[in-house]
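Listed below, chain by chain, are the residues.
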Amino acid sequence: MKKITTPIKKEDLEDLDVGDTIYLSGEIVTARDKAHKRIIEYANVGEQLPFTLDGGVIYHTGPLTRKNPDDSWNILSAGPTTSARMNDFTPRVIEEYKVRAIIGKGGMSDEVVKAMEDFGCVYLAYTGGAGALAADKIKKVLGVYWLDLSAPEAVWQLQVGDFGPLIVAIDSHGGNLYKRGR
């Protein structure tokens with residue numbers, strides 16, 4: 001078991017191998033299909049994102065949220081969504097923004113694996129159906145961006161503590177647990 005804190009440096013990934021179990025602390029952001037599309041739109045016109053991805057972690061989830069009377073937010077459930085839906089956008093997001101980890105379920109395409117190897121990123125598998133456990137590890141909502149996309153599609157900036165267990169399913173050396181399993 002290994003513990004990692006964000007922001008993540010490329011060197012932090014060198015000792016991670018397929019099958020390792022890690023727990024993550026620090027800041028992460030959520031992003032699904034529509035958010036990835038908008039991130040690429042920002043990149044295409046050179047506009048700065050309202051959140052940082054450099055050295056960061058993207059969690060493929062559409063959290064169930066509740067807004068409190070004081071305008072703060074609670075995450076009630078945050079189970080992973082199928083990552084393959086973001087295959088078309090992910091290589092560019094990794095390259096452009098130096099994302100160091102992606103959390104999701106189901107794995108990603110060969111093109112994404114290549115980008116992870118080329119630019120230093122890992123894929124961390126999280127168990128589907130464990131949304132309540134994930135929400136328990138979310139300490140605070142730091143910000144929410146692009147609510148016009150809908151709450152599940154918005155980007156949620158989260159503070160997490162010992163988020164996991166996460167399994168290194170694709171390492172930064174091209175190792176791929178999903179290919180080994182076949």
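Note that the structure is a prediction, hence the values are computed from the model and not measured.

Caption draft 1: Focus on the overall build of the protein. When you go through the protein residue by residue, the secondary structure sums to 5 helices and 9 strands. When its helices and strands are written in sequence order, the protein yields β-β-α-β-β-β-α-β-α-β-α-β-β-α. Relative to a compact globule of 182 residues, whose C-alpha radius of gyration would be 16 Å, the protein shows 15 Å and is just as compact. Counting across all 182 residues of the protein, residues that qualify as buried make up 53%. Summed over all atoms, the accessible surface of the protein reaches about 8400 Å², with 47% contributed by carbon and sulfur.

Caption draft 2: Inspection of the pattern of salt bridges at higher detail. Scanning all chains against the criterion turns up 9 salt bridges. For Lys-3, the salt bridge identified is with Asp-162, shortest N-O distance 3.3 Å. Here Lys-3, found in strand β1 (residues 2–5), pairs with Asp-162, found in strand β9 (residues 155–170); they are 159 residues apart in sequence, far enough to count as distant. Note that Asp-110 and Lys-179 form a salt bridge whose closest N and O atoms lie 3.0 Å from each other. Of this pair, Asp-110 sits in helix α3 (residues 110–119) while Lys-179 sits in helix α5 (residues 177–181); the two residues are 69 residues apart in sequence, bridging distant segments of the chain. For Asp-110, a relative accessible area of 47% puts it in the partly exposed group.

Caption draft 3: Quick look at the side chain of Arg-32. By the element assignment, Arg-32 lies in the loop between β2 (21–30) and α1 (33–45). Looking at Arg-32, its side chain comes within polar contact range of the side chain of Glu-153, at 3.0 Å. Ignoring sequence-local partners within four residues, the contact set of Arg-32 consists of Thr-61, Gly-62, Thr-81, Arg-85, Met-86, Pro-152 and Glu-153.

Caption draft 4: Seen up close, the packing of aromatic side chains. Scanning all chains against the criterion turns up 8 aromatic pairs. Ring centres of Tyr-42 and Trp-146 lie 5.2 Å apart, and the angle between their planes is 50°; on these two criteria the pair is classed as tilted. Of the two residues, Tyr-42 sits in helix α1 while Trp-146 sits in the loop between β8 (138–145) and β9, which places them 104 residues apart along the sequence. Geometrically, the ring pair formed by Tyr-126 and Phe-163 is stacked, given 5.3 Å between the ring centres and 25° between the ring planes. Of this pair, Tyr-126 sits in the loop between β7 (122–125) and α4 (131–136) while Phe-163 sits in strand β9, and the two are 37 residues apart along the sequence. An identical accessibility class is assigned to Tyr-126 and Phe-163; each is buried. One aromatic cluster is present, formed by Tyr-42, Phe-51, Tyr-145 and Trp-146 through successive ring pairs.

Caption draft 5: Molecular detail of α3. Among the residues of α3, those classed as buried are Val-112, Val-113, Ala-115 and Met-116. The buried residues of α3 all sit within an arc of 160° when viewed along its axis, so they share a single face. Those residues of α3 that are buried lie in contact with α2 (90–97), β6 (101–104), β7 and β9.

Caption draft 6: Just the environment of Ser-83, in detail. Checked against the element boundaries, Ser-83 lands in the loop between β5 (73–77) and α2. Measuring from C-alpha to C-alpha, the distance between Ser-83 and Thr-61 comes to 9.0 Å, with 22 residues separating the pair along the chain. Leaving out residues up to four positions away in the same chain, Ser-83 has contacts with His-60, Ile-103, Gly-104, Lys-105, Gly-107, Met-108 and Tyr-123.

Caption draft 7: Region of the structure containing the side chain of Asp-20. On the secondary structure map, Asp-20 appears in the loop between β1 and β2. At a separation of 3.1 Å, a polar atom in the side chain of Asp-20 contacts the side chain of Lys-2. The contact partners of Asp-20, leaving out residues within four places of it in the chain, are Lys-2, Asp-15, Leu-166, Ile-167 and Val-168.

Scoring rules and cut-offs
- Numbers given to residues run from 1 along each chain, matching the order in which its sequence is written.
- Residues qualify for local features only when their pLDDT is at least 70, as the model is predicted, and side-chain atom pairs are given and counted only at 80 or more; totals for whole chains, interfaces and linings, by contrast, use all residues.
- Excluding hydrogens and water, the side-chain figures rest on all heavy atoms present in the structure.
- Per the convention used, a helix needs a DSSP run of H or I reaching at least four residues, while a strand needs a run of E reaching at least two, with both numbered from the N terminus.
- All radius of gyration figures rest on C-alpha atoms, and the globule criterion is 2.2 Å times the number of residues raised to 0.38.
- Relative accessibility thresholds used throughout: buried, under 20% of the residue-type maximum; exposed, over 50%; partly exposed, between the two (1.4 Å probe, protein chains only).
- Only the protein chains shown count as covering a residue, and every accessible area follows the Shrake-Rupley method with a 1.4 Å probe.
- Between Lys or Arg on one side and Asp or Glu on the other, a salt bridge is scored when a side-chain nitrogen of the former is within 4 Å of a carboxyl oxygen of the latter.
- Polar contact is the term for a pair of N or O atoms within 3.5 Å; when the atoms are in protein, one must be able to donate a hydrogen and the other to accept it, and sequence-neighboring residues count only if both atoms are side-chain atoms.
- The contact criterion used throughout is that any non-hydrogen atoms of two residues lie within 4.5 Å.
- Only Phe, Tyr and Trp rings take part, Trp by its six-membered ring, and two of them pair if their centres are within 6.5 Å. Stacked means planes under 30 degrees apart, edge-to-face means over 60, and tilted covers everything else.
- This arc is built from the directions going out from the helix axis to the C-beta atoms.

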